[in-house]
Amino acid sequence: MVAVIGLIGISYLTTEQTLRENARTLELHTEDHLAAVFITKEEGLRVFDESLNKRMEESFPLFVAEYERSGRDPSKMDLEAVKSALGGDMELIVIDEHSTIRYTTYPRELGLNFEEFAPYFAEYLQKIRLSEGVFPDRIVNEKSTGTWKKYAYMPTPDHRYILEFGLAVDYPSISTFRFLDRELIDQVEQDNPYVENVRVFDSTLRERVNDTSVDITDPAFKEFLAGVLANRTTVEVQSATPGETTRYLFIDLRDPRYGSDVSRIVELTYNDLPIREALASSVSFYLSLGAIAFIFCGLGAFVVIRTFTRPIGRMADDVDSIAAGDLDHPLSPPLGQELLKLEESVTAMVSRLKTMIAELRESEEKYRTLVQSANSIILRFDTAANITFMNSYALKFFGYSEDEILGKNLVGTIVPSIDSSGNDLGTKIHDLFVHPEQYEASENENIKKDGSVVWISWTNQPLRDQEGAIIGILSIGNDITRLKQAEREIQTLNSELEQRVADRTRQLTEVNRNLESFTYSVSHDLRSPLRAISGYSSILLEDLANIPEKERRYLEMLRQNAHEMGRLIDDLLNFSRLGQRSLQITTIHPQPFIREILQDLREDPAASRVQFIIGDLPPCRADPVLMKQVLTNLLSNAIKFSRMREHPVVEIGATEKDGCKVFFVRDNGVGFDMRYAGKIFGVFQRLHNADEYEGTGVGLAIVHRIIELHGGVIWVESAPDQGTTFYFTCASESSVDS
């Protein structure tokens, strides 16, 4: 009885451990599936998302032009007219320095403050406002209606506002990407019996309800979600309810190229009620088993006692007979032999009982393994490919009953003889028994009873007899039809994208060809007339020595303007060739360049009075020819605008900002109003009269273009009559240690 009770207790503990391990495995599978679904959806939408960037980028010039037309006063902008000019399907939005929507063609979001709605995004907007260029964002749900929209941002030239486009988009026609969060929650709760409740939250700390974000009223819970988002890791919380655990699964969907973060926090509440119910059922079973064992043991004890006492009784009778005077009465066999047989019988009985329990446990373990894997297709088939077992999930998946499928051949029932690509699957199944190691994991088409085609990923394990011969195959499969469909659709999208890239490449080639033609025309067709004008002007000045001073001055101005026109053509040619020349990046030391440039500049009498201060210039990685052009243009510009000072000073040095080496050229010249800083790097943009300061208006544009080609940035700081400082960097990785 003690042995039976011990074995029952061990079996109960083993059952409980196995149930809890299976529950944890199912929880991990559920969480991996959730993460895979969200990641697959975002990866699939990425290509569709990026296809909209170009259109939105090309629409910003019209938006900026309206801002300039209104005198940089957004309240005077005709946003509806701009919207209509852009096709009418994009909303126009103006965001102020407090990250608040002040003007828009979409009244629902007027007054929306991103510092309250999404603080992390407000920080991103502040960076955009102080930067340059267009910043496309990903497709996200708008706050008011949950409509999917594609956004893009651009700072105004004066960096006071951010201009924003909002384009409403439809889901791509791909079923994998059209599910609602509620549908996914229902699927998880249906597939995992341990899941009691599922909720989904986005990066704005709002709950996703029917694919729309809803505010959370509990401040403490909202603060908790903020901590999960900040740490970007999964958190598990033990509930006060016994047997209940809540896990906050963090799914990282952040894309560093975009400002919006569509990461998800999924709240999964697990309950071990199915385990407790299964254990309660096991307790009933084991108690019944114990009662039966008790009855059998009682009967056995009765028989043993009877067997044990009968010889003693006979011996007592024999003793009574002898005591009565029958001295010849034989005695019964000795008691020791009976006890020995009893010991042997008990030993044999215990041995048989252990064997029976071991066989029962093995059979129960096999059955439990099959039942607990009910969310996958499990089947066995023999060497003739006849199906010998199929679990309930597989029967439901393929649409068969046990009577319809057991004993039938794989080929022709759930496996087509020839798949849609012409592969012979019948031969593949035959090879599975010959080379099982080659088919441990495989994918192939399968068919359901209704004739629909599905893709299944199989894991195959050969079953062997005692001699090692294969007697069958155990196969476990998972439906990957949706993944296959997504792969085909993504391949189609990639093909379309490659075609677009090829078309754009041909267009760029044509543009470059036209640019080369223009360069040739400028360099040959325009130079000849200019040389003729300059030459004939010089001849007239030499041959007509007695002409009046007024006419001589006109001829001199004509020759000088022709010379200036030639310089302008040279600058334009240099500017147009910058994008065609490949960079020859190497490590350079700027100080030798500075000394060489200053040696050339000092030959100009205008530079003889200038005091040059050369600081410590660290090495950097750049194209030597282009970097020399940058330094030459900046130094010439500094000399030109400081030479009228009583003590002109030009300083060249370097500093460090945010861990990056920054070079600067500073003068104490006339300076300018920073309101016009946005024009200074444009072609033909001049802030001073050409009669006072010579130049073509292209030099700083060339400098700006060269710095862009190096991946750096250039900016200027100035004030009227207080000098000017130009700062520039190469790419972030360009600075090196000396």
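Cut-offs applied
Residues numbered from 1 in each chain as written. Predicted model: local features only at pLDDT ≥ 70, side-chain atom pairs only at ≥ 80, totals over all residues. Heavy atoms only, no water. Pairing = 2+ DSSP bridges. Helix = DSSP H or I, 4+ residues; strand = E, 2+ residues; numbered from the N terminus. Axes fitted to C-alpha atoms, helices over the stretch in contact; angles between N-to-C directions. Parallel < 35°, antiparallel > 145°, perpendicular 65-115°, else oblique. Left-handed = near helix turned anticlockwise from the far one by under 90°. Contact = heavy atoms within 4.5 Å. Expected span 1.5 Å × (residues − 1). Bend = angle between axes of the 7 residues up to and from the residue. Buried < 20%, exposed > 50% of the residue type's maximum accessible area, 1.4 Å probe, protein only. Polar contact = N/O pair within 3.5 Å; in protein donor to acceptor, adjacent residues only side chain to side chain. Nonpolar A, V, L, I, M, F, W, Y, C, P; charged D, E, K, R; others polar. Arc of directions from axis to C-beta. Disulfide = S-S within 2.5 Å. Salt bridge = Lys/Arg side-chain N within 4 Å of Asp/Glu carboxyl O. Phe/Tyr/Trp six-rings, centres within 6.5 Å; stacked < 30°, edge-to-face > 60°. Lys NZ or Arg CZ within 6 Å of the ring centre and 35° of its normal.

So, about the sheet that holds strand 16 (residues 470-479). One open sheet accounts for 5 strands, arranged 13-12-16-15-14; its pairing is antiparallel. Only two strands of the sheet have a single neighbouring strand rather than two, namely strand 13 (387-390) and strand 14 (441-447). Going across the sheet, the axis of each strand differs from the next one's by a mean of 30°, ignoring polarity.

For the rest of this paragraph, the subject is the packing of helix 15 (residues 590-601) against helix 16 (residues 624-642). Look at helix 15 against helix 16: their axes get within 10 Å of each other, and the N-to-C directions meet at 45°. By the criterion of interaxial angle, the relationship of helix 15 to helix 16 is oblique. Helix-helix and strand crossings are classified by hand; for helix 15 and helix 16 the assignment is right-handed. From helix 15, F593, I594, E596, I597, L598 and L601 reach across to helix 16, where they touch P624, K628, L631, T632, L635, S636 and I639.

A rise of 1.5 Å per residue sets the reference length of helix 2 (residues 53-69), with its 17 residues, at 24 Å; its end C-alpha atoms lie 25 Å apart and thus fit the reference within 8%. At F60, helix 2 shows its maximal kink, close to 25°; a proline, P61, follows between one and four residues later. Following helix 2 by one or two positions, G71 has its phi on the positive side, about 70°.

Right, let's talk about the pairing of strand 23 (residues 724-728) for a bit. Counting buried positions along strand 23 gives 5 out of 5 residues, so the element sits mostly inside the fold. Across 5 bridges, strand 21 (residues 660-667) lies against strand 23 in antiparallel orientation. Bridging across to strand 23, F664 finds its partner in Y727. In terms of strand pairing, strand 22 (residues 714-718) meets strand 23 through 5 bridges, oriented antiparallel. Across the sheet, the residue bridging to S718 is T724, located in strand 23. Connecting strand 22 to the antiparallel partner strand 23 that follows it, the hairpin turn spans 5 residues, and D721 within it adopts a positive phi of roughly 65°.

We now examine the side chain of D623. If you trace the backbone, D623 turns up in the loop between strand 19 (620-622) and helix 16. Residue class for D623 comes out buried when judged on its relative accessible area of 0%. A distance of 3.0 Å separates a polar atom in the side chain of D623 from the backbone nitrogen of V625.

Each pair of packed helices can be described by the angle between their axes along with the distance between the axes. In contact at an axis separation of 9 Å, helix 16 and helix 17 (residues 699-709) are set at 145° when each is read in the N-to-C sense. Considering only the axes of helix 16 and helix 17, their crossing is left-handed. Along the contact surface, helix 16 presents L626, Q629, V630, N633, L634 and N637, while helix 17 presents G699, L700, I702, V703, I706 and I707. Of the residues belonging to the contact of helix 16 with helix 17, the class tally is 8 nonpolar, 4 polar and no charged.

Before going further, it helps to spend a moment on the environment of F221. Turning to its location among the elements, F221 is positioned in helix 7 (residues 219-231). Judged by its relative accessible area of 14%, F221 is buried. Distance from F221 to L205, taken between C-alpha atoms, is 9.6 Å for residues 16 residues apart in sequence.

With that settled, consider the sheet that holds strand 21. Taken in spatial order, the 5 strands of this open sheet run 18-20-21-23-22, and their pairing is mixed. Two strands in the sheet have a free side with no partner beyond their single neighbour: strand 18 (611-614) and strand 22. Ignoring strand direction, the axes of neighbouring strands in this sheet form an average angle of 20°. Along the sheet, helix 16 contacts strand 18, strand 20 (649-657), strand 21 and strand 23; its crossing angle with strand 23, the most-contacted strand, is approximately 170°.

To continue, consider the side chain of T156. Within the fold, T156 resides in the loop between strand 4 (148-155) and strand 5 (162-168). With sequence-adjacent residues up to four places away left out, T156 is seen in contact with Y67, Y161 and L163.

Look at helix 7: 19 Å from first C-alpha to last across 13 residues, which is about the 18 Å you get at 1.5 Å a residue. Along helix 7, the residues classified as buried are F221, L225, V228 and L229. Take helix 7 and look down its axis: the buried residues cluster within an arc of 100°, on one side only. Counted as exposed and oriented over 90 degrees from the buried face of helix 7: P219, A220, E223, A230 and N231. On its buried face, helix 7 sits against strand 6 (195-201), strand 9 (235-238), strand 10 (244-251) and strand 11 (264-271).

Take the state of the cysteines next. Across all of its chains, the model carries 0 disulfides by this definition. Cysteine C660 remains unbridged, with the sulfur of C730 as its closest cysteine sulfur at 8.5 Å.

To continue, consider the pattern of salt bridges. According to the stated counting rule, one finds 25 salt bridges in the structure shown. A salt bridge links R276 to D272, with the nearest nitrogen and oxygen atoms 3.0 Å apart. Across the salt bridge formed by D503 and R506, the nearest N and O atoms sit 2.0 Å from each other. You can see D503 and its partner R506 sitting in helix 13 (residues 481-543), 3 residues apart, about one turn around the helix. Each member of the salt-bridge network shares a partner with another, and the members are R24, E27, E31, E236 and R247.

Let us look at the packing of aromatic side chains. Under the counting rule described, the total for this entry stands at 18 aromatic pairs. Between the aromatic rings of F114 and F117, the centroid separation amounts to 6.5 Å while the plane-to-plane angle is 65°, which identifies the pairing as edge-to-face. Highlighted residues: F114 and F117, both in helix 4 (residues 114-117), separated by 3 residues, approximately one helical turn. With respect to class, F114 is no different from F117; both count as buried. One aromatic cluster is present, formed by F114, F117, Y120, F121, Y124 and Y153 through successive ring pairs. One residue, K448, lies across the ring of F397, its end atom 4.5 Å from the ring centre. If you follow K484 out to its NZ or CZ, it ends over the ring of W455, 4.6 Å from the centre.

With that settled, consider the pairing of strand 21. Taken across its 8 residues, strand 21 has 6 buried, putting it largely inside the fold. Judged from the 8 bridges that link them, strand 20 and strand 21 form a sheet pairing that is antiparallel. What sits directly across from A654, in strand 21, is F663. Turn length for the strand 20-strand 21 hairpin, with the two strands adjacent in sequence and antiparallel, is 2 residues, and the turn residue D658 shows positive phi of about 55°.

Nothing here speaks to function; it is all geometry.
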